[in-house]
Amino acid sequence: METVNQNHQNPGFIGDDGRSTASTVVISSNGSMPGTGLDNADQESGTAILPEERATWGKGMEFLMSCIAMSVGLGNVWRFPFTALDNGGGAFLIPYLIVLFLIGKPIYYLEMVIGQFSSRGSVKVFDLCPAMKGVGIGQALQVFMLSTYYAALVAIIGRYFYESFRNPLPWATCHEEWGNNCINSAPDARTLLPKDTQDDQQNVTTNDPANQRVRTSSEWYFVKEVLHEKPDIIDGIGLPNWELVIGLFVAWLCVFLIIRRGVKSSGKASYFLAIFPYVIMCVLLIRAVTLPGAADGILYFIKPQWGKILDPKVWYAAVTQCFYSLSVCFGNIIMYSSFNKFGHNVHRDAAIVTGLDTVTSLLAGFTIFGILGHLAHEIGTNDIGTVVKGGAGLAFISYPDAIAKFKQLPQIFSVLFFLMLFVLGIGSNIAMTSCSVTAIRDRFPHFKQWQCSLFIAIISFAIGLMYITPGGQYMLTLVDFFGASMIALVLGIAELYTIGWIYGTDRLCKDIEFMLGRKVGLYWRLCWSIITPLIMTVILVYFYATYEPLAYNDKNYPSWAYSIGWTITAFGIFQLPAWMIMAIVRDPGKTFSEKISGAFKPYKDWGPLDPLLREQYHKKIENELTPKRGQGVWAAIKQNIYG
């Protein structure tokens, strides 16, 4: 990008602490009060309560560290490896990197820009197009559901952290009640099976088809001791495991304590949340690559299977993983950047976070596939893809298995590793919960930060009990698919078309030039206007055209579970037409056509939060957007793409 000179002044943003020295309360021409978080109807009622000045990050580094803690999390260490495993290892890697370049990076920068420019949260930011406010509402509901099961995963991590202080590690050796087809995870460990069973334990099978294959003790421990997993949920999901209930409570207590004062407290915690996990991750990588057979697993991870690369399912998995890995189209990035100073260099931060996120995913991939290669070597198979089952349990099977193979003090590495996973999970959940809190406080500013945080933590804890039952992994997979993956793609597409074509790519680029003083390159323009929304649309069409009923462990769900799943999806997507109709009805236009036109235009108070900057912006943007109006459709399209 080429830097240009700024002609506007910024008298309201001269403080190093990021706080405006000018008043942020001004009545605009449409009678609205910018920065209040209240819509026009509330303001006209005369009941508006002006909130305190919007908080900002203490330092720009706190914003960067918080974004790293949010984007570099369980999506990289937990979800990326098993998604790669389920989609052919190296066959998934190439589509994933392409998707990151054409979808992940452009959306990440776009959301950073629009949040910082407007100083609005993920719902209020759609003041840029009131008719599409349903996108923000739907994303807020989606991220709320996501946070409930992330906390459940953190609860499981907490259970492993507690058990890591035992000697020997409880998953290191087989237990008699697990059956005959079990091999020890720890090298040279004495098994807990009877002697006559030890001699032929790898050659004995059972009559239960689910238990035919030989499993490591770490896998049996996860299924039998931690989850108490049921073979199906036809007769219900069971009652919560009290040990995991304690872990769930601790997880939400940590989140509440960190976000109770907003970015003032979460910003300080971000340094530890972002940096600490990398230390442990590097130690585990070194250990993984030195195990016998690790090279075979790593080769499986990086060697492309060209036949699978053309499989649209792999590309769909890459898009979904990109959403989870970077947390795009969930509202978290918009929320975090809305607390920035107006001129903060988000272009640099977006490049750092997206690059670091990719490196972290690859780091986790090398680690996990090195371990899988070793497990294949131990079991005596060349098929890396069948060594362990995919799904959420992979990180709770392969990583503990590797830790159990440490001959010197495996407890130390286990404690550090699960502390790292706990930190990663908390860092991601802080962002998701903060997004929900910000959405509520933007709409109801009289609620205090700690009140919203406590309310969401209690509700989420109650919902999260569902995921720590014997059938909890079934429900987690169900909500992940219907409540996150499907909704995220639809709302993400709606967000891109809204910003790229209704609000306008050209106007967005002019906003960036006004805010950062730099021209926007052709790569960004093409991605925002054509490439990114087009790829996502194609993926969505293919997904619905080839939809198959969701299954867990190759078992279909009962009818009532599918009904719940589709209800969740429908409710999230229904926000689009519902809020569009509401915006049209509430628009002050006199005729129906005026109401429709007005509902798709930004509010008059749209722009920078500071009134002086907003006045300069409105004059500048009006002068720059006027020249090519009325010159035809093709001229408008060309201007929107190329400027």
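Along each chain, the written sequence defines residue order, and numbers are assigned to residues from 1. Only residues with pLDDT of at least 70 are given local features in this predicted model, and only at 80 or more are side-chain atom pairs given and counted; all residues enter the totals for whole chains, interfaces and linings. In computing side-chain properties, one takes all heavy atoms of the structure into account and sets aside hydrogens as well as water.

1. Here we look at the overall build of the protein
Next, step 1: Looking only at helices and strands, one finds 23 helices and 4 strands in the protein.
Next, step 2: Here the protein, with 643 residues, has 59% of them falling under the buried criterion.
Next, step 3: Contacts between residues were defined by any pair of non-hydrogen atoms, one from each residue, lying within 4.5 Å. Within the protein, residue pairs in contact and separated by at least 24 positions form 81% of the contacts whose partners lie at least 6 positions apart.
Next, step 4: Computed with the Shrake-Rupley method and a 1.4 Å probe, the accessible areas treat only the protein chains shown as cover for residues. Total accessible area on the protein is roughly 25,700 Å²; 63% of this is exposed by carbon and sulfur atoms. Going along the chain from the N terminus, every DSSP run of H or I of four or more residues is numbered as a helix, and every run of E of two or more is numbered as a strand. Three labels apply to residues, based on accessible area from a 1.4 Å probe with only protein chains included: buried if under 20% of the type maximum, exposed if over 50%, partly exposed otherwise in between.

2. Quick notes on the UniProt feature "binding site: Na(+)" (unreviewed entry) in the protein
Next, step 1: UniProt positions are given in the numbering used here, feature names are shortened, and annotations may be inferred rather than shown by experiment. In the numbering used here, UniProt assigns the feature "binding site: Na(+)" (unreviewed entry) to Val-72, Asn-76, Ser-325, Leu-424 and Ser-428. For this annotated set, covering 357 residues, all C-alpha atoms fall within 12.1 Å of each other, a compact arrangement in space.
Next, step 2: Looking at the element boundaries, Val-72 is found in the loop between α2 (60-71) and α3 (74-86).
Next, step 3: Those residues in contact with Val-72 that lie beyond four places of it in its chain are Cys-67, Tyr-278, Asp-357, Thr-360 and Leu-424.
Next, step 4: Mapped onto the secondary structure, Ser-428 falls in helix α16 (residues 410-443).

3. Details of unusual backbone geometry
Next, step 1: At the junction of Asn-167 and Pro-168, the peptide bond is cis and its omega measures out at 0° in the coordinates.
Next, step 2: Within the secondary structure layout, Pro-168 lies in the loop between α5 (133-163) and β1 (182-183).
Next, step 3: In this structure, Ser-119 is a non-glycine residue whose phi angle is positive, near 55°.
Next, step 4: Mapped onto the elements of the fold, Ser-119 is located in the loop between α4 (90-118) and α5.
Next, step 5: Ser-119 sits in the buried class, given a relative accessible area of 12%.
Next, step 6: Notably, Cys-329 is not glycine yet its phi reads approximately 60°, a positive angle.
Next, step 7: Looking at the element boundaries, Cys-329 is found in the loop between α12 (312-326) and α13 (332-337).
Next, step 8: On the accessibility criterion, Cys-329 (0% relative accessible area) is buried.

4. Points about the nonpolar core
Next, step 1: Nonpolar cores were defined as sets of buried Ala, Val, Leu, Ile, Met, Phe, Trp, Tyr and Cys residues, with membership established by side-chain atoms within 4.5 Å. Among the nonpolar cores identified, the biggest contains 181 residues, and Tyr-108, Tyr-149 and Phe-323 are the most heavily contacted of them.
Next, step 2: Residue contributions to this core peak at 25 residues, all from helix α18 (residues 472-516).
Next, step 3: Each residue touching Phe-323, except ones within four places of it in the same chain, is listed here: Ile-103, Val-328, Cys-329, Phe-330, Ala-488, Leu-489 and Met-536.

5. Describing the environment of Asn-181
Next, step 1: Inspection of the secondary structure assignment puts Asn-181 in the loop between α5 and β1.
Next, step 2: With 34 residues separating them along the chain, Asn-181 and Arg-215 place their C-alpha atoms 6.4 Å apart.

6. Brief notes about the packing of α5 against helix α17 (residues 449-464)
Next, step 1: Orientation of α5 relative to α17, taken along the N-to-C sense of each, is 65°, at an axis distance of 9 Å. Classed by the angle they form, the pair α5 and α17 counts as roughly perpendicular. In terms of crossing hand, the pair formed by α5 and α17 is right-handed. Residue-level contacts link Phe-144, Ser-147, Thr-148 and Ala-152 of α5 to Ile-456, Ile-459, Ser-460, Ile-463 and Gly-464 of α17. Angles here are taken between N-to-C directions and fall from 0 to 180 degrees, while the axes themselves are lines fitted to C-alpha atoms, restricted in helices to the stretch in contact. Orientation is classified from the angle alone, with under 35 degrees giving roughly parallel, over 145 giving roughly antiparallel, 65 to 115 giving roughly perpendicular, and any other angle giving oblique. For a crossing to be left-handed, the near helix must be turned anticlockwise from the far one by less than a right angle; the clockwise case is right-handed.

7. A word on the pattern of salt bridges
Next, step 1: By definition here, a salt bridge exists when the distance from a side-chain nitrogen of Lys or Arg to a carboxyl oxygen of Asp or Glu is within 4 Å. This model, assessed by the stated rule, comprises 14 salt bridges.
Next, step 2: Across the salt bridge formed by Arg-120 and Asp-127, the nearest N and O atoms sit 3.2 Å from each other. The same class applies to Arg-120 and to Asp-127, which are both buried.
Next, step 3: The shortest N-O distance in the salt bridge between Glu-163 and Arg-159 comes to 3.1 Å.

8. Let's talk about the side chain of Glu-495
Next, step 1: Summarising the element assignment, Glu-495 is placed in helix α18.
Next, step 2: Within this scheme the basic residues Lys and Arg register as positive and the acidic residues Asp and Glu register as negative, but His and the chain ends are omitted. Buried and unpaired, Glu-495 has no salt bridge, with Arg-120 as the nearest side chain of opposite charge at 15 Å.
Next, step 3: We call two N or O atoms a polar contact when they sit within 3.5 Å, provided that within protein one can donate a hydrogen and the other can accept it, with sequence-adjacent residues counted only if both atoms are side-chain atoms. Reaching out from Glu-495, the side chain makes a polar contact with the side chain of Gln-139 at a distance of 2.8 Å.

9. Re the packing of aromatic side chains
Next, step 1: Side-chain rings of Phe, Tyr and Trp, where Trp is taken by its six-membered ring, are said to pair if the distance between their centres is within 6.5 Å; with planes under 30 degrees apart they count as stacked, over 60 as edge-to-face, and otherwise as tilted. Under the definition given, this model contains 45 aromatic pairs.
Next, step 2: Both rings, one in Trp-57 and one in Phe-339, keep their centres 6.5 Å apart while their planes meet at 90°; by these two values the pair is edge-to-face. Here Trp-57, found in the loop between α1 (40-44) and α2, pairs with Phe-339, found in the loop between α13 and α14 (346-379); they are 282 residues apart in sequence, far enough to count as distant. You'll find Trp-57 and Phe-339 in the same group, each marked buried.
Next, step 3: An aromatic cluster is built from Phe-80, Phe-92, Tyr-96, Tyr-300, Phe-301, Phe-366 and Phe-369, whose rings are joined through pairwise contacts.
Next, step 4: Only Lys NZ and Arg CZ are tested; either one counts as a charge over a ring when it is within 6 Å of the ring centre and within 35 degrees of the ring normal. Geometry around Trp-220 places Arg-215 over its ring, the cationic atom sitting 4.7 Å from the centre.
Next, step 5: For the cation-ring pair, Arg-443 lies above Phe-444, with the distance from its terminal atom to the ring centre recorded as 4.9 Å.

10. Things to note about helix α23 (residues 633-642)
Next, step 1: Buried residues of α23: Gln-639, Asn-640 and Ile-641, and no others.
Next, step 2: Looking one or two places after α23, you find Gly-643, whose phi comes out positive at around 90°.

11. Notes on the packing of α4 against α14
Next, step 1: Across the interface, α4 lies against α14 with an axial gap of 9 Å and an inter-helix angle of 150°. As the angle between them shows, α4 and α14 are arranged roughly antiparallel. For the element pair α4 and α14, the recorded crossing hand is right-handed. On α14, the residues that touch Leu-93, Tyr-96, Leu-97, Leu-100, Lys-105, Tyr-108, Tyr-109, Met-112, Val-113 and Gln-116 of α4 are Val-346, His-347, Asp-349, Ala-350, Val-353, Thr-354, Asp-357, Thr-358, Ser-361 and Leu-362.

12. Description of the side chain of Glu-111
Next, step 1: Note on placement: Glu-111 falls in helix α4.
Next, step 2: Residue classification places Glu-111 among the buried residues on the basis of a relative accessible area of 0%.
Next, step 3: With residues near it in sequence (within four places) discarded, Glu-111 still touches Ser-327, Val-328, Cys-329, Ile-333, Ile-334, Ser-337 and Glu-495.

13. A closer look at the environment of His-374
Next, step 1: Tracing the chain through its elements places His-374 in helix α14.
Next, step 2: For His-374, a relative accessible area of 4% gives the class buried.
Next, step 3: In this structure the C-alpha to C-alpha distance between His-374 and Ala-288, which are 86 residues apart in sequence, comes to 8.4 Å.

14. Re the confidence of the model for the protein
Next, step 1: For the protein, per-residue confidence averages 82 on the pLDDT scale, and residues scoring 70 or more make up 85% of the total.
Next, step 2: Here residues 1-51 is modelled with pLDDT under 50, and outside its nearest four sequence neighbours on either side it reaches 105 contacts, counting other chains as well.
Next, step 3: The predictor reports its confidence for every residue as pLDDT, a score running from 0 up to 100. Low pLDDT, under 50, characterises residues 191-210; the stretch is placed with 31 contacts to residues that sit more than four places away or in other chains.

15. Structural notes on α14
Next, step 1: The end-to-end C-alpha distance of α14 is 49 Å, a good match for the 50 Å that 34 residues give at a rise of 1.5 Å each.
Next, step 2: The backbone nitrogen of His-347 lies 3.3 Å from a side-chain oxygen of the residue at the head of α14, namely Asn-345.
Next, step 3: After α14 finishes, the residue Gly-380 shows a positive phi value of roughly 95°. Helix span, expected: 1.5 Å multiplied by one less than the number of residues in the helix.

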